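Chain by chain, the residues run as shown.
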Amino acid sequence: MTEELDAGMLATEIAEHPDALSAPYGGGELGRGRRRKEDAKLVTGQTNWTDNITLPGLLHMAVLRSPMAHARIVSVDVSAALEMPGVIAAYSGADLAAEDGALPCAWPVTPDMVHPDHKPLAVDEVRHVGDGVAVVIARDRYTAADALEAISVEYDQLPAVVDMEAALAEGSPLVHSDKGTNKCFTWPFAAGDDYEATRAKADVVVTRRFRQQRVLPTAMEPRGVVVAPIAAADEYTVYSATQIPHILRVMLALVTGIGEHKIRVIAPDVGGGFGSKLNVYAEEVLALVVARKLGRPIKWTESRSEGYQATIHGRDQIQDIEVSATKDGKLLGLKVELLADMGAYLQLVTPGVPILGAFMFPSIYKMDSYTFSCTGVFTTKTPTDAYRGAGRPEATYAIERIMDELAAELGMDPLELRRRNWIKHEEFPFDSICGLTYDSGNYEAATAKAEQMFDMTALRREQAERRERKDPIQLGIGISTFTEMCGLAPSRVLGSLSYGAGGWEAAQIRMLPTGKVEVVSGATPHGQGHHTSWSQIVADALGVPFEDVEVITGDTDSSPKGMDTYGSRSLVVGGVAIHKATGKVIEKARRIAAHLLEAAEGDVEFHGGTFSVKGSPEAKLSIQEIALATFAAHNLPDGMEPTLDSDYVYDPENFSFPHGTHLCAVEIDTETGFTKIRKYVCVDDIGKIINPVIVEGQVHGGLAQGIAQALYEEAIYDAEGNLTTGTMVDYLIPSAADLPHFDTGRTETPATSNPLGVKGVGEAGTIASTPAVVNAVVDALRPFGINDIDMPASPERVWRLLHPGGQRREASGTVAYGGVSTSTTSGGAA
Amino acid sequence: MTRVSMKVDGVVYEDDVEPRRLLTHHLRDGLGRVGTPIGCDTSNCGACTVLIGGESVKSCSVLAVQADGEEITTIQGLSDGDWHPVQKAFQQHHGLQCGYCTPGMILATVDLLKNNPSPTEEEVRHGLEGNLCRCTGYQNIVKAVLSAAAEMRGEQPHPGSFRDADDKTGVSA
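All values derive from a computational prediction rather than experimental measurement. (Residues numbered from 1 in each chain as written. Chains lettered and ligands numbered in written order. Predicted model: local features only at pLDDT ≥ 70, side-chain atom pairs only at ≥ 80, totals over all residues. Heavy atoms only, no water.)

So, about the interface of chain B and chain A. When the parts of a complex come together, some accessible area is lost, and that lost area is often used as the size of the interface. If you look at the interface, chain B gives 66 residues, while chain A gives 68 residues. A combined buried area of about 5,900 Å² lies between chain B and chain A, and 56% of that area is made up of carbon and sulfur atoms. For D51 of chain A, the salt bridge goes to R28 of chain B, with nearest N and O atoms at 2.8 Å. Among the elements of the structure, α1 (23-30), α2 (85-92), α3 (102-115), α4 (121-127) and α5 (139-152) of chain B are those that each provide at least two residues to the side of chain B that touches chain A. If one sorts the elements of the side of chain B that touches chain A by residue count, α5 of chain B sits on top with five residues. Tallied by class, residues from the side of chain B that touches chain A come to 23 nonpolar, 26 polar and 17 charged. (Contact = heavy atoms within 4.5 Å. Buried area = accessible area lost by both parts, 1.4 Å probe. Salt bridge = Lys/Arg side-chain N within 4 Å of Asp/Glu carboxyl O. Helix = DSSP H or I, 4+ residues; strand = E, 2+ residues; numbered from the N terminus. Nonpolar A, V, L, I, M, F, W, Y, C, P; charged D, E, K, R; others polar.)

Structure follows, in structure tokens:
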């Protein structure tokens with residue numbers, strides 16, 4: 001039995017990975033399932049997490065945090081803490097106010113955006129549970145934690161602001177009273193025909209209000225920071241569990257006034273991020289400021305429960321969406337109005353997250369009119385910011401959910417509705433209604449493959465049978481066809497969206513005398529396997545052994561230039577930069593080879609790591625021989641610099657647009673409300689593949705996080721603004737037992753906007769899976785008159801929908817496709 | 001302070017510890033055995049799992065004084081030279097990404113396979129539900145565990161079940 005199951009599972013795996021079977025391309029390294037270079041230290045416990053770092057005389061910092069959502073600080077008294085043995089220092093927000101600056105927001109989305117001051121430690125007022133009030137510096141972490149208890153703070157409680165709509169209402173208490181409003185910004189966008197005129201032509205209009213619940217990113221490694229000062233020289237090394245050492249360095253300089261050239265930032269081994277480490281945090285600034293004051297090294301490591309209050313949260317939008325269409329299912333227009341919860345302050349890109357999503361609501365569909373508006377709202381909660389997908393999962397959820405609702409309204413198969421509206425493969429490149437140029441794609445191919453893997457016909461038949469016999473276990477089938485924009489980003493586009501920086505990435509190739517190669521990349525990994533993939537790109541291009549390539553990342557001394565890792569950008573921008581840098585190495589080496597081989601440069605060919613002269617194959621030199629000759633520099637072309645080393649800073653000309661079709665079948669126990677994923681099939685088209693093993697892992701992990709949002713996770717605040725899901729006990733991160741086996745497949749439509757043909761894969765699974773799962777849940781419940789459910793679709797939520805007022809709903813029989821209504825419908829349980 | 005003695009990864013240590021000190025902090029801050037990471041403060045995540053007398057235990061849920069006289073194996077002591085089959089399988093099947101959960105996941109697996117050398121996929125999923133991973137979606141972890149189990153039973157892996165690292169076609173016969 002065991003053997004059968006295991007073998008079956010593994011055989012399925014192989015059968016559904018034809019791409020893994022295909023021959024690699026290029027120089028033989030691309031497309032190859034290399035095992036990761038990163039793993040040796042990780043499986044043996046020789047990892048350098050930030051919290052592992054110890055330094056002579058290291059002191060520990062602990063942060064006292066507000067237990068209230070909103071209060072005026074009357075007084076902070078640290079004197080009792082200072083008297084405790086082993087306590088070196090303690091500071092209130094007022095004590096550090098002149099030195100700790102304000103935390104940055106790099107994305108002022110509108111000129112009139114309200115941008116409140118965000119001190120690393122609150123001075124006059126606390127605005128969310130977990131807002132820092134004071135810090136203690138002690139000889140060890142236990143003493144520091146004890147000393148927090150000795151700090152006395154007097155608060156004058158103010159009203160919490162928890163609900164976004166109430167926050168915008170006249171007379172609402174204000175999060176920032178000096179600003180006179182809880183509205184941060186309104187960002188409008190419209191494209192195509194006038195929406196109202198388009199709507200007037202529609203046979204069917206469907207409106208829904210969807211909620212993107214707040215979620216906690218929960219990278220397994222909590223955040224941490226260590227600052228090592230050389231006080232006499234005003235120089236600092238900052239170790240941080242961050243995704244963005246390069247951006248952090250710039251920002252720490254701007255925030256503290258310390259010269260950028262006096263700050264070195266190192267991201268050691270970083271244990272996951274998902275956007276939560278794409279930020280400039282209070283504790284990074286505080287540790288630096290305190291290390292500067294005391295001239296001693298400082299460490300701070302968050303506890304998980306502390307992190308749930310002090311590390312950014314994700315999502316949290318109310319989405320009002322309306323789609324208008326003809327009775328034949330042709331989309332005419334789309335209208336989206338968002339409320340996006342900023343939380344109490346703006347972190348690095350807080351306001352930009354929903355704006356990134358603005359361009360993705362039309363997704364893969366053609367339409368005549370699109371209108372969008374987003375209002376950012378302050379509440380007394382932890383700030384939100386980028387979480388895996390950052391705006392695109394929210395957009396994809398809304399459009400894919402409402403496509404299913406429109407299909408139901410039209411009585412049309414939801415896949416057929418999508419087919420009638422999506423961009424056909426022969427129409428690429430295609431300018432979306434938002435003005436994005438989708439360079440490539442083949443939605444038909446991905447969908448056909450997914451349908452075949454899923455066995456849609458059999459599952460629909462089973463669904464009909466279960467409905468017919470009123471089986472307590474009902475089957476639901478959910479669809480999500482999606483695209484996303486990856487490879488953040490062309491700098492000019494970011495500029496047009498008011499983002500404060502560019503979207504390029506830097507690479508350097510260094511040829512060592514012995515023929516080994518060092519690759520410096522500004523992309524900063526935290527679990528993705530960059531060192532393996534980058535080695536493959538370089539080995540492939542230069543014809544050197546994979547093992548001879550060493551990748552250097554995450555340290556502003558050794559990798560001085562970079563824009564770091566987020567937005568599925570590392571391969572599409574950073575990987576392409578590396579590829580282009582190898583081209584420069586080859587051209588330099590070609591010139592030297594021609595000189596040494598006494599041939600014209602135009603006659604020297606390079607293949608598989610060897611330069612040879614056209615027509616005289618015996619005249620050849622390996623790239624390693626050229627590297628040694630360049631090092632010796634005894635006989636180089638006149639005037640040539642004695643180096644092959646090359647830099648490339650790549651600024652993409654366009655985004656990339658991965659796409660795919662995800663299909664999910666769920667079984668819902670109508671008596672308990674429990675949802676079980678019966679089958680999950682996804683076919684992703686992420687263009688060319690560098691390493692299929694790594695790609696597979698990225699897809700799996702993305703699916704897990706998207707499914708978790710659909711079924712399990714929700715950060716809940718009570719009316720007083722307390723985070724009631726503030727520990728891992730209360731916040732459900734799915735375990736292996738909660739998640740299904742995924743059947744993954746791929747189609748390959750190369751990106752045309754970069755020479756590697758790659759598109760990015762880090763977020764695809766997260767973006768596509770949430771609507772696939774919820775569409776499946778709603779599909780199962782639709783015969784009961786239910787046409788929406790809030791996320792997460794917990795057993796309680798499902799049960800309550802099925803038992804309004806405790807009375808069990810009866811199914812109205814089968815839901816047949818056919819028949820057209822011209823009514824406007826809105827969501828909820830009918 | 002209380003005197004405790006424990007053998008960690010083959011070395012005996014004697015220390016005076018505060019009675020409240022967690023074993024995980026003693027291992028990391030006291031003994032410098034930082035291969036064992038900490039992922040939560042509520043005993044949910046399992047990142048800090050070690051073996052005490054061969055049984056997997058979350059070292060954040062044990063006081064250092066409770067481990068007095070015990071023999072403890074951390075990820076740093078699991079193998080000497082050649083990797084343990086579970087370590088090999090995790091790399092081979094890409095059962096890790098950021099790797100933060102990996103020490104705990106591997107040690108929990110070692111204990112799981114000791115008690116059940118031939119687990120089904122379902123048994124693996126339930127057997128590891130005390131160890132959370134945020135990167136992999138668990139599928140490759142499950143594959144790694146099943147593969148390690150087969151190897152530890154002395155069986156050949158199922159044909160086609162491995163994509164060998166150096167096999168360009170992606171699948172070995």
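With that out of the way, let us pick up the pairing of strand β27 (residues 675-685) of chain A. All names here are of chain A. Burial analysis of β27 places eight of its 11 residues in the buried class, which makes it a mostly covered element. Examined bridge by bridge, strand β26 (residues 659-669) and β27 share 10 bridges and lie antiparallel to one another. In the sheet register, H659 faces β27, and the bridge partner there is D685. Linkage of β26 to β27, two consecutive antiparallel strands, is achieved through a turn of five residues, within which G673 is found at a positive phi near 80 degrees. Looking at chain direction, β27 and strand β28 (residues 742-747) are connected through six bridges and run parallel. Residue pairing for β28: V683 is matched across the bridge by G745. With helix α21 (residues 692-711) bridging β27 and the parallel β28, this β-α-β connection has right-handed handedness. (Buried < 20%, exposed > 50% of the residue type's maximum accessible area, 1.4 Å probe, protein only. Pairing = 2+ DSSP bridges. Right-handed = clockwise from strand over helix to strand, strands pointing away.)

On to the sheet that holds strand β24 (residues 616-622) of chain A, then. Residue and element names in this part refer to chain A. Sheet architecture is open: three strands sit in the order β22-β23-β24, paired in antiparallel fashion. Edge strands, defined here as strands with exactly one partner in the open sheet, are β22 (604-607) and β24. Taken over all neighbouring pairs, the strand axes of this sheet differ in orientation by 30 degrees on average, direction set aside. (Axes fitted to C-alpha atoms, helices over the stretch in contact; angles between N-to-C directions.)

Here we come to the environment of D790 of chain A. Residues and elements named next belong to chain A. Here D790 shows up in the loop between α22 (764-781) and α23 (795-802). Along the primary structure D790 and D651 are separated by 139 residues, whereas in three dimensions their C-alpha atoms are 40 Å apart. Ignoring sequence-local partners within four residues, the contact set of D790 consists of R211 and R797.

All names here are of chain B. The domains assigned to chain B are domain 1 (2-77) and domain 2 (85-152). Taking only C-alpha atoms, the centre of domain 1 and the centre of domain 2 are 21 Å apart. Summed over both partners, the interface of domain 1 with domain 2 buries about 1,200 Å², with 57% contributed by carbon and sulfur atoms. In this assembly, domain 1 and domain 2 are joined by one salt bridge. E55 is the partner of K114 in a salt bridge, and the nearest nitrogen-oxygen pair spans 3.5 Å. Run the count over domain 1 and domain 2 and you get eight residue pairs in polar contact (both at pLDDT 80 or more). (Domains from an automatic or database assignment. Polar contact = N/O pair within 3.5 Å; in protein donor to acceptor, adjacent residues only side chain to side chain.)

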